[in-house]
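Structural description and commentary
Residues per chain are reported as follows:
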Amino acid sequence: MQCFPGLVLALSSLLGALALLQLSLHLRVPSRYGKHEERLVRPRGRLPARCAWFLQELPSFLVPALLLALRSPPRLEPLGCRLLCCLFCWHYFYRTFIYPFFTRGRPFPLQLLFFGMLFCIYNGFLQGYYLIYCAEYPNDWCTDIRFTSGLLLFLLGMGINIHSDLLLRQLRKPGEVTYKIPQGGLFTYVSGANYFGEIVEWFGFAIATWSLPAFAFAFFTLCCIGPRAYHHHRYYLKTFTDYPKSRKALIPFVF
Ligand code: NDX
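Residues numbered from 1 in each chain as written. Predicted model: local features only at pLDDT ≥ 70, side-chain atom pairs only at ≥ 80, totals over all residues. Heavy atoms only, no water.

What follows concerns the site of the ligand. Around the ligand, a shell composed of 36 residues is seen, among which Tyr33, Asp165, Tyr179, Lys180 and Tyr195 lie nearest. Here an oxygen atom of the ligand sits 2.6 Å away from a polar atom, N or O, in the side chain of Tyr33. A distance of 3.0 Å is found between an oxygen atom of the ligand and a side-chain nitrogen or oxygen belonging to Arg172. For the ligand, whose accessible area on its own is 1,300 Å², the fraction buried by protein is 93%. Residue assignment for the shell around the ligand shows that the elements contributing at least two residues are helix H1 (5–26), helix H2 (49–70), helix H3 (79–102), helix H4 (110–134), helix H5 (145–169), helix H6 (193–209) and helix H7 (212–239). Ranked by the residues each element gives to the shell around the ligand, the list is headed by H7, at 7 residues. Grouping the amino acids of the shell around the ligand by side-chain chemistry returns 16 nonpolar, 11 polar and 9 charged. (Near = heavy atom within 4 Å. Polar contact = N/O pair within 3.5 Å; in protein donor to acceptor, adjacent residues only side chain to side chain. Areas by Shrake-Rupley, 256 points an atom, 1.4 Å probe, with all protein chains shown as cover. Helix = DSSP H or I, 4+ residues; strand = E, 2+ residues; numbered from the N terminus. Nonpolar A, V, L, I, M, F, W, Y, C, P; charged D, E, K, R; others polar.)

Bringing unusual backbone geometry into the picture now. Not every positive phi belongs to a glycine, and Trp210 is a case in point at roughly 50 degrees. Structurally, the position occupied by Trp210 is in the loop between H6 and H7. Note on Trp210: relative accessible area 47%, which makes it partly exposed. A positive phi angle is found at Phe253, which is not glycine, with a value near 70 degrees. (Buried < 20%, exposed > 50% of the residue type's maximum accessible area, 1.4 Å probe, protein only.)

Attention now goes to the state of the cysteines. Tallied over the entire structure, the rule returns 1 disulfide. There is a disulfide in this structure between Cys3 and Cys134, and the S-S distance comes to 2.2 Å. Between Cys3 and Cys134, the S-S torsion sits near 105 degrees, and that sign places the bridge as right-handed. Remark: Cys134 occurs in helix H4 and Cys3 occurs in the segment before H1; sequence separation between them is 131 residues. (Disulfide = S-S within 2.5 Å.)

Attention now moves to the UniProt feature "domain: 3-oxo-5-alpha-steroid 4-dehydrogenase C-terminal" (unreviewed entry) in the chain. Per the UniProt record, "domain: 3-oxo-5-alpha-steroid 4-dehydrogenase C-terminal" (unreviewed entry) is found at residues 107–255. Along residues 107–255, the helical share is 64% and the strand share 1%, with 30 Å between the first and last C-alpha atoms. (UniProt positions renumbered as here; feature names shortened; annotations may be inferred.)

Moving on, we come to the packing of aromatic side chains. The tally for this structure, following the rule as stated, stands at 31 aromatic pairs. Ring centres 5.6 Å apart and planes at 55 degrees place the aromatic pair Phe88 and Trp202 in the tilted group. A residue pair is termed long-range when its members are at least 10 positions apart, and Phe88 in helix H3 and Trp202 in helix H6 qualify at 114 residues. In this structure Trp202 comes out as buried when scored by relative accessible area, which is 0%. The positively charged end of Arg228 is found above the aromatic ring belonging to Tyr33, 3.7 Å away from the centroid. (Phe/Tyr/Trp six-rings, centres within 6.5 Å; stacked < 30°, edge-to-face > 60°. Lys NZ or Arg CZ within 6 Å of the ring centre and 35° of its normal.)

As a C-alpha pair, Trp202 and His233 span 31 residues in sequence and 22 Å in three-dimensional space. In this view, Trp202 contacts Phe88, His91, Tyr92, Phe154, Ala214, Phe217, Ala218 and Thr221; residues no more than four positions away in its chain are not counted. Polar side-chain contacts of Trp202 include one of 2.9 Å to the side chain of Glu198. (Contact = heavy atoms within 4.5 Å.)

Before going further, it helps to spend a moment on the confidence of the model for the chain. Summing up the model confidence of the chain, the mean pLDDT is 94 and the portion of residues at 70 or higher is 95%. In the predicted assembly, ipTM is 0.98 and pTM is 0.96. (pLDDT = per-residue confidence, 0-100.)

Right, dumping it as C-alpha cells:
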C-alpha cells in the first residue's frame, strides 16, 4: 500500500462534514442512548452495554493495528511517528478492552451500535493510514514544541477522561441503572467532565501529529460530545433540584 494524499484529503473533509451533520442533528435533540434513550426502543433492539461498547470500539483499535501489521517493512520511522500511532492505539486499547468490562451502563441501541461501528472503521482507517503510510516527520519531531505540548494535552485529557468515567461508574452498584449527581474531580466544575477530557485529549493528539485527519477527528469529537455535555447538563438541572448551580456544562467557569 502507498500514500495517496488525495484520499487523505477527501476522507478528512468528509469527516469534517460528518461533524457538522452530527452537530446539526444533535444540537437540539441528543443522541438516543444512555440517559437520553428513546423509551420506545424494544429490549430486542438493544445489546448489553459491555458487549456493545466492545464491538463498537474494536475497529478503532483493530484497523490501525492491521494496517501496521500489513506494512512492509513493519516499522514506523522516525520515533515521533511511532509514538503518535501508539497513542491512538493506546486510547482505543483502553476504550475497547478495559472500559467496556467495567461499565455499568444501560443496554445500547443496536441501530446506533451499527453506525458507531461504521464510524470507528472509517476513523480508524483514516488515522492509521495517514500515520502509517503518509506522515513524514523530521527526526527531531519528539522535541518539537507541537509534539511535546500536544502530548501533554493528550495525557492530561486522557487522565481526566478515565478518572471521570471512573467517578461515574462508582455512582452505581452492580445492576443499578439509576442516575445520581456526579461528584468530585472535574465534575465539581462541569457536568460533562469525561467529555471535556476526551475533547482535550483529541485536540492534544491533533497538535502532536499536526495533521489534517487528527484535526478533523478532534473537531468531530467536539461536535459529537460537546452538545451531549450540554444535554446532560440540562437533564441534571431538570432532574435534580439540588444540582450545584455554579457547575457549567462543558468548559470549567465558561460554558
Ligand atoms: N461512541 C464516540 N452520526 C459513539 C456512539 C454513537 O465513542 O451516525 C461517538 C463514541 C455514535 C457516535 C460515537 C458517533 C456518531 C454516530 C453515533 C451513532 C449515530 C451517529 C455514529 C461513535 C451518526 C452521523 C450520521 C452524523 C455520522 O446508563 P448509562 O449508559 O447512561 O450510564 C452511563 C453512566 N452515567 C451515569 N451513571 C450514574 N449517574 C449518572 N449521573 C450518570 N451519567 C452517566 O456513565 C455510562 O455507563 C457512563 C458514561 O455515560 P456518558 O453518557 O457520560 O458517556 P457516553 O456518551 O456513554 O460515552 C462514554 C465514553 C466517554 O468517555 C466519552 O468521552 C467517550 O466514550 N465517547 C463517547 C462518544 C464519542 C466519543 C467518545 C468521541 O467522539 N471521541
